[in-house]
Each structure stands twice: as structure tokens, then as C-alpha cells.
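Topology and contacts: notes
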There are 2 protein chains.
Amino acid sequence: MKRYIAALALTAVLPTASFAADHPHADAIEARQGFMEVLKFNMGILGAMAKGKVDYDAAQASAAANNLAAAAKMENGAMWPEGSDNSNPALKDITEALPEGWSEYAKIAEVQKKWVAATEKLAAAAGTGVGGIRANIGDVGKSCKGCHDIARKD
Amino acid sequence: MKRYIAALALTAVLPTASFAADHPHADAIEARQGFMEVLKFNMGILGAMAKGKVDYDAAQASAAANNLAAAAKMENGAMWPEGSDNSNPALKDITEALPEGWSEYAKIAEVQKKWVAATEKLAAAAGTGVGGIRANIGDVGKSCKGCHDIARKD
């Protein structure tokens, strides 16, 4: 009986997860989350140097900042297909993207422009010294937050 | 008693996972896996068009191919720190990267050059028609596989 109840509980839980993973937008959601991991990692390298947690390394700083600038210029619209937000009950467990990412897209586009400009400035300065990172990383972080504030839960 | 045993079983399982997640290389592993998701997604868009599974769309094809070319040129060495392969018992559950990714790095670097060249050719051709994708996607796939064959489990 216990086993039966356990199996039943499992059945009650599983469909959501597997439905979400099979959803036509699941690949786009996984890809954009992967993209964010790449951004986070490169920001982390620069942030650690800016805070003096790791020694400044010009080549590594340049690489990380160049990666951010390249990422900001990617044409990633396909990763945010219409309807892939968390107001969709089938997707709410696998994405924190709010519908505002689409309904407020004009604002997102403005923030994105600032993001591109900020990453370019950071890329130009990151190899010149830790001061180059410190002077420019804030604007990149602000543009990250600018988009998250509009379009991301939490 | 059952609850105690269940708690004990959980304790026996959790440390591995949490140890791996807390490992200094965990962020790099997560980032490179995210990077691979971005590649897979963009390859998927082009592959679906090449196979006629979705209608050819010049703008989308160009965007996806440009993204691949930009990704191939990223300076991502930091995502593959020495010792972050699956011969490390602490990491074997979270990475499929083989030690050969480092010990055979000269071969990896050769494949990477081919990858950059192949993505550039694909980016130049993808917007010209589905034939442009079909003529060039194979070499990109080959370079993906070339690296995986050397450095990735399965």
C-alpha cells in the first residue's frame, strides 16, 4: 500500500516536470538560462578582481570583458519566443521570465542598448588595470539589473 | 524510525552533490555547460531549417549562424580550468569533460581553429538561402564532434 501511495505521489509530481521539458519553448528557456550562466561567470571573474578577491590579470580580465561585449551583441531573440514566460502554467516551474519581458519590450530594448555600450566600455578598459574594471563594471551590472527588474521574477 | 532512516539516506546522498556544487570549479563547469546549450540551440535552429522541419527564414538563419561564429571566437579558457575534468572524484557527477581535454590540448586547439573557420563560412552563407546552411553546417557539426570525440565522455 505504501508503495502504491508513493507511486501515486510520484505520478502526481512527474507530469509537470516532463511536460515542461517537452514544451516547444523548453529548449529556448534552457538556452537562455545557459546564456545567463556564461554572463554570470564572466562577470564573476571581473567582479572578483574588482573586489581584490583574486589578483588582477590583464589577459583574463580582457578575455572576460570581451566575452561580455560579444555576448551583448548576439542576436538572441529566438531564445525569448513569445509565450515562453512564467505566466504559462506549463512553464512556470522552469522559467522566471515575466510576461513584462514582452509587454514592456520597448524598455528592455533601451536597457539592452545601454548594456551593449557598457560592455564595450568595459572591454576597452579591462586590460588596462584593475581601475579599468572598477570604473566600468558598475554600468554593466546596472544594465543587467535594469533588465531583470523589468522581466525577471525575484 | 522510518523518518530517521529516510533522513539518514538523504544525508548519505546529499554531501556528494553539495560538495560538487561548492567545488571551486563548479561555476566554470556550469558556465561551459550553459555555453554548450547556447551552441546547441543555435545549431538546432539551423539544423531544423536544413532538414526542412521548419521554414527557412533568412534573418533567423543569419542570427543563429552569427551567434555561433561569435561564440566560437570567445575567449573561454577560464571555463576549462585545469583539474575540472571528470577524473576528479569530486566532479565526476557534474561533468563529462575528460582529462584528454587538457592532455590532448594541441588537438583541441586544431579542432577549434576549424570550428572558428567553419562557423565563419556558415555565418557568411546562412542568410543566402537554405542551400547556404546545407552546404556549411556539416563542417560546423564535424568540428563540434571533433572536440567531443577527444574530450567528452559519451
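Quantities reported herein were computed from a predicted structural model and do not represent experimental measurements. (Residues numbered from 1 in each chain as written. Chains lettered and ligands numbered in written order. Predicted model: local features only at pLDDT ≥ 70, side-chain atom pairs only at ≥ 80, totals over all residues. Heavy atoms only, no water.)

**Some words on the relation of the copies chain B and chain A**
Definition in use: Copies overlap after least-squares fitting; the atoms used are the C-alpha atoms of residues with pLDDT of at least 70 in both. Any two residues whose heavy atoms approach within 4.5 Å at even a single point are treated as in contact.
For the pair chain B and chain A, the relating rotation is 180°, the translation along its axis is 0.0 Å, and the fit reaches an RMSD of 0.0 Å. Between the two chains, the operation in question is that of a two-fold axis. By C-alpha distance to the rotation axis, the residue of chain B lying nearest is B:Gly34, at 1.7 Å. In this assembly the copies share their binding face: 100% of the residues contributing to the interface of chain B also contribute to that of chain A.

**Things to note about the state of the cysteines**
Simply put, disulfide is the name for a covalent bond between the sulfur atoms of two cysteines. To keep it simple, the criterion reads: Throughout, disulfides are identified as pairs of cysteine sulfur atoms within 2.5 Å of each other.
Counted under the stated rule, the structure contains zero disulfides over all chains. Left without a disulfide partner, A:Cys147 is nearest to the cysteine sulfur of A:Cys144, which lies 8.8 Å away.

**Let's talk about helix α5 (residues 105-125) of chain A**
Residue and element names in this part refer to chain A. For the record, the criterion: A helix here means a DSSP run of H or I that spans at least four residues, while a strand means a run of E at least two residues long, and both kinds are numbered starting from the N terminus. A helix is expected to span 1.5 Å for every residue after the first. A simple rule labels every residue: compare its accessible area, found with a 1.4 Å probe on the protein chains alone, to the largest value its type can have, and call it buried under 20%, exposed over 50%, or partly exposed in between.
The end-to-end C-alpha distance of α5, which contains 21 residues, comes to 30 Å, matching closely the 30 Å that a straight helix rising 1.5 Å per residue would cover. Turning to α5, its buried residues are Ile108, Val111, Trp115, Val116, Ala118, Thr119, Leu122, Ala123 and Ala125. Of the surrounding secondary structure, the elements contacted by the buried residues of α5 are α2 (26-50), α3 (58-72), α4 (100-103) and α6 (130-151).

**Quick look at the packing of helix α3 (residues 58-72) of chain B against helix α5 (residues 105-125) of chain B**
Residues and elements named next belong to chain B. Operational definition: Lines fitted to the C-alpha atoms define the axes, with helices restricted to the stretch that makes contact. Angles between their N-to-C directions range from 0 to 180 degrees. Angles are sorted into four bins: roughly parallel if under 35 degrees, roughly antiparallel if over 145, roughly perpendicular if 65 to 115, and oblique for all others. For any helix crossing, the convention is left-handed if the near helix is rotated counterclockwise from the far helix by under a right angle, and right-handed if that rotation is clockwise. Residue type decides the class: Asp, Glu, Lys and Arg count as charged, Ala, Val, Leu, Ile, Met, Phe, Trp, Tyr, Cys and Pro as nonpolar, and the leftover types, Gly among them, as polar.
Close contact between α3 and α5 brings their axes to 8 Å; oriented N to C, the two are set at 155°. Comparing the axis directions of α3 and α5 gives the class roughly antiparallel. When the axes of α3 and α5 are compared, the crossing they make is left-handed. Between α3 and α5, the residues in contact are Ala65, Asn66, Leu68, Ala69, Ala71 and Ala72 and Gln112, Trp115, Val116, Thr119, Glu120, Leu122 and Ala123, respectively. Looking at side-chain class alone, the contact of α3 with α5 contains nine nonpolar, three polar and one charged residues.

**Let's talk about the interface of chain B and chain A**
So the rule is basically this: What counts as buried area is the accessible surface, traced by a 1.4 Å probe, that two parts surrender upon association, with contributions from both included. Between Lys or Arg on one side and Asp or Glu on the other, a salt bridge is scored when a side-chain nitrogen of the former is within 4 Å of a carboxyl oxygen of the latter. Throughout this description, a polar contact denotes any pair of N or O atoms lying within 3.5 Å of each other; where both atoms belong to protein, one of them has to be capable of donating a hydrogen while the other can accept it, and for residues adjacent in sequence the pair is counted only when both atoms sit in side chains.
Contact with chain B, which involves 22 residues of that partner, is made by 22 residues of chain A. Summed over both partners, the interface of chain B with chain A comes to about 1800 Å²; 68% of that surface belongs to carbon and sulfur atoms. It is B:Phe41, B:Met74 and B:Glu75 in chain B that bury the most area against chain A; as a group they hold 32% of the surface buried on that side. In this structure, the connection of chain B to chain A is made through zero salt bridges. Counting across the chain B and chain A interface gives six residue pairs in polar contact (both at pLDDT 80 or more). Listed by contribution, the elements that provide at least two residues to the side of chain B that touches chain A are α2 (26-50) and α3 of chain B. By residue number, the principal contributor to the side of chain B that touches chain A is α2(B), which donates 11 residues. Grouping the amino acids of the side of chain B that touches chain A by side-chain chemistry returns 12 nonpolar, five polar and five charged.

**Describing α6(A)**
Residues and elements named next belong to chain A. For the record, the criterion: At any given residue, the bend is defined as the angle formed between two axes, one fitted to the seven residues that end at that position and one fitted to the seven that begin there.
Taking 1.5 Å per residue as the helical rise, α6 with its 22 residues ought to reach 32 Å, and the 31 Å between its terminal C-alpha atoms agrees with that figure. Asn136 marks the point of greatest bend in α6, at about 35°. By the burial criterion, the buried members of α6 are Gly132, Ile133, Asn136, Ile137, Val140, Ser143, Ile150 and Ala151. Packing partners of the buried residues in α6 comprise α2, α3, α4 and α5.

**A closer look at the environment of B:Ile94**
All names here are of chain B. One can find Ile94 in the loop between α3 and α4 (100-103). Once the C-alpha coordinates of Ile94 and Ala21 are considered, the two residues, 73 residues apart in sequence, prove to be 8.3 Å apart. In contact with Ile94, other than residues within four places in its own chain, are Ala20, Ala26, Ile29 and Gln33.

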